[in-house]
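Results of the structural survey
Below are the chains, spelled out letter by letter.
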Amino acid sequence: MDQSPFTSQRGSVSSSIGNSAELDANLTLSDKLKVFKSSTFDPNNYVASKSRSMNEKEIRHLCAYLVDLKKASAEEMRKSVLANYSAFIRTSKEISDLEGELVSMRNLLNTQAAVVHGLAEGCMLSSMISGNEDSDMDDLLDEKTDISNTEKWLIGYLETLEVLLAEKRVDEAMIALDEGEKMAKEISEGKTLSSSLFQALQDAITEHRQKLADQLADTICQPSTRSAEIRSTALALKNLGDGPRAHTLLLNSHQETLQRNMKNLQSSNSGGVGAFTATLSQLVFSTISQAASDSLSVFAEEEPAYTSELVTWAVKQVEKFAVLLKKCILASTAAAGGLRVASECVHVCMSHCYQLEASGLALSPILTKYFRPFVKQALSTNLKRIEQSSSALAAADDWFLAYTPTSSRHSGLPPSSSHSNLSFQPKLSSSAHKFNSMVQELFEDVGPLEILQLDILAVEGLIQVFNFYVNLLINALPGSVVNENLEGHKIVKIAEAEEQQIALLANAMLLADELLPRAVIKLSNSTIGDDSQRRGSDKQRELKKRLQREVDRLRDSFCRQHALELIFTEEGEARLNALIYLGMDGNVEQPEWFPSPIFQEIFAKLTQVASIAADLFVGRERFATVLLMRLAETVILWLSDDQTFWEEVETGSTPLGPIGLQQLYLDMQFVMIFSSQGRYLSRHLHQAIKNIIERAINAVAATGLDPNSVLPEDEWFVEVCEIAIKMLTGRAVFDNVEGDVASPTSSVQT
């Protein structure tokens, strides 16, 4: 069978495009399009040459490949247009200015040509048309008795033009000028006037056309001219051949009107900041919208030639408006941290700005450029204020949990209307309630920030203040190093009781897992769609992961503190040391088999923490389980990694004997059994226990003694551990403990 030219599902379509390896490689768009850029490229021949030896499947792949290239090329063109938009606007403006200059130059050249031609014909032209101070058209008629009808028409026509212009009868004057153009054409064809008179007619038409244009321009510039009259006057000026001037004057007229209205609004200064901003924004963007509408209606046929000037003009008006709003409101508001005021101003302006997008004027990037720094400053000021308030509140917090105060409007949860809904309310300490309230209020005030590309910054700020609050919670632990500031005042109130310490964890966990993510939802616009919902879910998951890292820091600090309390005395000496096991074989009396005292304390500590966590983490048992896992792991992993302990066991002067090995084995089995019963025996804890037992067995084996000969069966260890658990928890009473716990030697055959 002949091999197909396609080497894979997206294989080569031709040698000119490349084989499958080339298509799958990271070729640039320019490289992929080289074959199509040739001046001799023939699409019909190209398709014919590729499809001649292709089957249907390969043709489909070729079509898909070409469609991908088309999309990529369109995207590249769009990016190029956006990247060079400012240059495009500037170039278009220059072209528009050149067009106006060319029109003016053409009129000037026509005038100059007429002057030169008149000088060549002699002085008769000037005397007949312009006359002098001692003669007029009546004198010409008296002197010339054989005036033709055309010459009579010429004299009457010139008089009519003068009257129409003097009386500012624009429509009639334009009709008269058009009539003059037609007559000039007929006279030129019929030769019914001498060359001097014909040239005089053309000069008169040009001169009066310019006078009429100047009158129209003056009318547009008058403040009293109404909008409808401005449009009609601009249209008339455009019809006279001076379109660039008409368009510029049209925009200038709207600009002057806008400036007058803005001054009047500033002088009145009534209605407060919000009303002033809304009125000013409405004024600016409605004026821009009206100017765009007038430009489109008057210059619709030549729209591409004037669009650049309109866009440039609109950008300047928006920049002036942004500078004014910055000076009057935003600068001082942002410095004072007035995020609500700044946010309301921005959203009002943005809403008006977006209404212009239907007409093709996308001016929101201009507002974003000017407004973003001030909203950012106000946001940062408020986040700093939350940190300062949290620090002050933590200094007075008693670290006991309570439900949300009924007067709070910013709990982050739906308001409850009955006692049955009380369980759905957050149960936090006083500083955590206030911290949550401040965050919820902040993000409620700021509203959607995607329009200013500040949503990411706001999320980062939220994580920053939560990090600060978690640091306060860590400092509230009794074993924290930093508990005082430079002035000697305590930053936070110490959580002395274990219930208070676990309440610190409850604060952080509920904030990170539920309350703070709900605040972030307010940053995004409520858009409907699978893509937007998926992006929102992804952002929520990422946020929760980052917040959970902060909770983990607090939990690790809690576990480390309690592990150190168990392992070390107040003087810093290790309670969990090798002497517990190395000195047992020197005793003559048979030991009473029971877990070592320190492991009894570990069991009591974990039991107490589990009881408190069960009350504080109702409905969040998973977090309580993880807390117990980490606490047990912290103690056992410390023992597993303690070099001093293992140096004494493995290489010390006193070797680990059979009884010491049995006790160590019993302690490890005890930890494994009670953590398994409590459902917090993690994989890491189980592995650490196995490593400790294995290392202890190897230490005994290194002395020449067979560990298996001295260790009883696992059932014996399980029985002893279960009896110990019952006794420590008060669930069993024995008259003679020794009689209930069999000696390990009874199950060992020596």
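Residues numbered from 1 in each chain as written. Predicted model: local features only at pLDDT ≥ 70, side-chain atom pairs only at ≥ 80, totals over all residues. Heavy atoms only, no water.

As annotated in an unreviewed UniProt entry, the protein chain is Exocyst component Exo84 C-terminal domain-containing protein from Glycine max. The UniProt entry for the protein chain carries the following comment under Sequence similarities (unreviewed entry): "Belongs to the EXO84 family." (UniProt positions renumbered as here; feature names shortened; annotations may be inferred.)

A short note on the environment of Lys-544
Relative to the helices and strands, Lys-544 is located in helix α21 (residues 530-567). For Lys-544, a relative accessible area of 34% gives the class partly exposed. Counting along the chain gives 30 residues from Lys-544 to Glu-514, while the straight-line C-alpha distance between them is 8.6 Å. In contact with Lys-544, other than residues within four places in its own chain, are Ala-512, Asp-513 and Pro-517. (Helix = DSSP H or I, 4+ residues; strand = E, 2+ residues; numbered from the N terminus. Buried < 20%, exposed > 50% of the residue type's maximum accessible area, 1.4 Å probe, protein only. Contact = heavy atoms within 4.5 Å.)

Brief notes about the packing of aromatic side chains
Applying the stated criterion across every chain yields a total of twelve aromatic pairs. Taking the centre distance of 5.6 Å and the plane angle of 55° together, the rings of Phe-603 and Phe-670 count as tilted. Linking Phe-603 in helix α23 (residues 597-616) with Phe-670 in helix α26 (residues 658-677), this pair joins segments that are 67 residues apart in sequence. For the ring pair Trp-716 and Phe-717, a centre distance of 5.0 Å and an interplane angle of 80° mean the geometry is edge-to-face. An identical accessibility class is assigned to Trp-716 and Phe-717; each is buried. An aromatic cluster of three or more residues is present, and its members are Trp-593, Tyr-665, Trp-716 and Phe-717. (Phe/Tyr/Trp six-rings, centres within 6.5 Å; stacked < 30°, edge-to-face > 60°.)

Some thoughts on a nonpolar patch on the surface
Residues Leu-102, Met-105 and Leu-109 make up a contiguous nonpolar surface patch of roughly 320 Å² in combined accessible area. Inspection of the secondary structure puts Leu-102 in helix α6 (residues 85-121). On the basis of relative accessibility, which here comes to 54%, the residue Leu-102 falls in the exposed class. (Patch = residues over 30% accessible without salt bridge, like charges linked within 9 Å, V, L, I, M, F, W, Y side chains within 5 Å. Areas by Shrake-Rupley, 256 points an atom, 1.4 Å probe, with all protein chains shown as cover. Salt bridge = Lys/Arg side-chain N within 4 Å of Asp/Glu carboxyl O.)

Re helix α16 (residues 339-355)
With 17 residues, α16 ought to run about 24 Å at 1.5 Å a step, and its terminal C-alpha atoms sit 24 Å apart, in line with that. Within α16, the full set of buried residues consists of Leu-339, Ala-342, Ser-343, Cys-345, Val-346, Cys-349, Met-350, His-352 and Cys-353. (Expected span 1.5 Å × (residues − 1).)

Digging into the nonpolar core
Counting 152 residues, the largest nonpolar core has Ile-288, Phe-371, Phe-466 and Phe-599 as the members making the most contacts within it. Looking at this core element by element, the count peaks at 14 residues for helix α20 (residues 498-521). The two domains that each donate at least three residues to this core are domain 1 (382-404 + 426-567) and domain 2 (578-729). Apart from the residues lying within four places of it in its own chain, the contact partners of Phe-371 are Phe-321, Ala-322, Leu-325, Leu-330, Val-346, Cys-349 and Leu-452. (Core = buried A, V, L, I, M, F, W, Y, C linked by side-chain atoms within 4.5 Å. Domains from an automatic or database assignment.)

Comments concerning the environment of Gln-222
Tracing the chain through its elements places Gln-222 in the loop between α11 (195-221) and α12 (227-239). The exposure class of Gln-222 is partly exposed, given its relative accessible area of 34%. Measuring from C-alpha to C-alpha, the distance between Gln-222 and Glu-256 comes to 9.9 Å, with 34 residues separating the pair along the chain.

Some points on the pattern of salt bridges
Two side chains bearing opposite charge may form a pair once their charged atoms approach each other closely. Going through the model one piece at a time under the given rule, you end up with eleven salt bridges. Salt-bridge contacts for Glu-514 lead to Arg-620; the nearest nitrogen and oxygen are separated by 2.6 Å. Within this pair, whereas Glu-514 is found in helix α20, its partner Arg-620 is found in the loop between α23 and α24 (621-641), the two being separated by 106 residues in sequence. Overall, Glu-514 belongs to the buried group, its relative accessible area being 19%. Its relative accessible area of 26% is what places Arg-620 among the partly exposed residues. In this structure, Glu-650 engages Arg-695 in a salt bridge whose closest nitrogen and oxygen atoms are separated by 2.6 Å. A residue pair is termed long-range when its members are at least 10 positions apart, and Glu-650 in helix α25 (residues 643-651) and Arg-695 in helix α27 (residues 683-701) qualify at 45 residues. Arg-695 gets classed as partly exposed once you look at its relative accessible area, which sits at 28%. Ionic contacts of the salt-bridge type, sharing partners, join the residues Glu-514, Arg-518 and Arg-620 into one network.

What to know about the environment of Arg-372
Locating Arg-372 in the fold gives a position in helix α17 (residues 364-394). Accessibility expressed as a relative area gives 27% for Arg-372, which makes it partly exposed. Each C-alpha atom of the pair Arg-372 and Val-346 lies 8.9 Å from the other, and the pair is 26 residues apart in sequence.

What to know about unusual backbone geometry
A positive phi angle, near 60°, is found at Trp-399, a position not held by glycine. Among the structural elements, Trp-399 can be located in the loop between α17 and β1 (402-403). Trp-399 gets classed as buried once you look at its relative accessible area, which sits at 1%. Of note, Arg-679 is a non-glycine position whose phi angle comes to about 65°, a positive value. Tracing the backbone through its elements, the reader meets Arg-679 in the loop between α26 and α27. A residue is classified by how much of its surface remains accessible, and Arg-679, at 72% relative accessible area, is exposed.

Describing the packing of α17 against helix α19 (residues 455-475)
Running from amino to carboxyl end, α17 crosses α19 at an angle of 15°, the nearest separation of the two axes being 10 Å. Accordingly, the angle class assigned to the pair α17 and α19 is roughly parallel. Along this stretch, α17 crosses α19, giving a crossing that reads as right-handed. From α17, Lys-376, Leu-379, Leu-383, Glu-387, Ser-390, Ser-391 and Ala-394 reach across to α19, where they touch Leu-457, Ala-458, Gly-461, Leu-462, Gln-464, Val-465, Phe-468, Tyr-469 and Leu-472. Broken down by class, the residue content of the contact of α17 with α19 amounts to ten nonpolar, four polar and two charged. (Axes fitted to C-alpha atoms, helices over the stretch in contact; angles between N-to-C directions. Parallel < 35°, antiparallel > 145°, perpendicular 65-115°, else oblique. Left-handed = near helix turned anticlockwise from the far one by under 90°. Nonpolar A, V, L, I, M, F, W, Y, C, P; charged D, E, K, R; others polar.)

What to know about the packing of α19 against α20
Contact pair α19 / α20: the axes reach a minimum separation of 11 Å and the direction vectors enclose 170°. The orientation of α19 relative to α20 falls into the category roughly antiparallel. Contacts between α19 and α20 involve Val-459, Leu-462, Phe-466, Tyr-469 and Leu-473 from the first element and Leu-504, Asn-507, Ala-508, Leu-511, Ala-512, Leu-516 and Val-520 from the second. Class assignment of the residues belonging to the contact of α19 with α20 gives a composition of eleven nonpolar, one polar and no charged.

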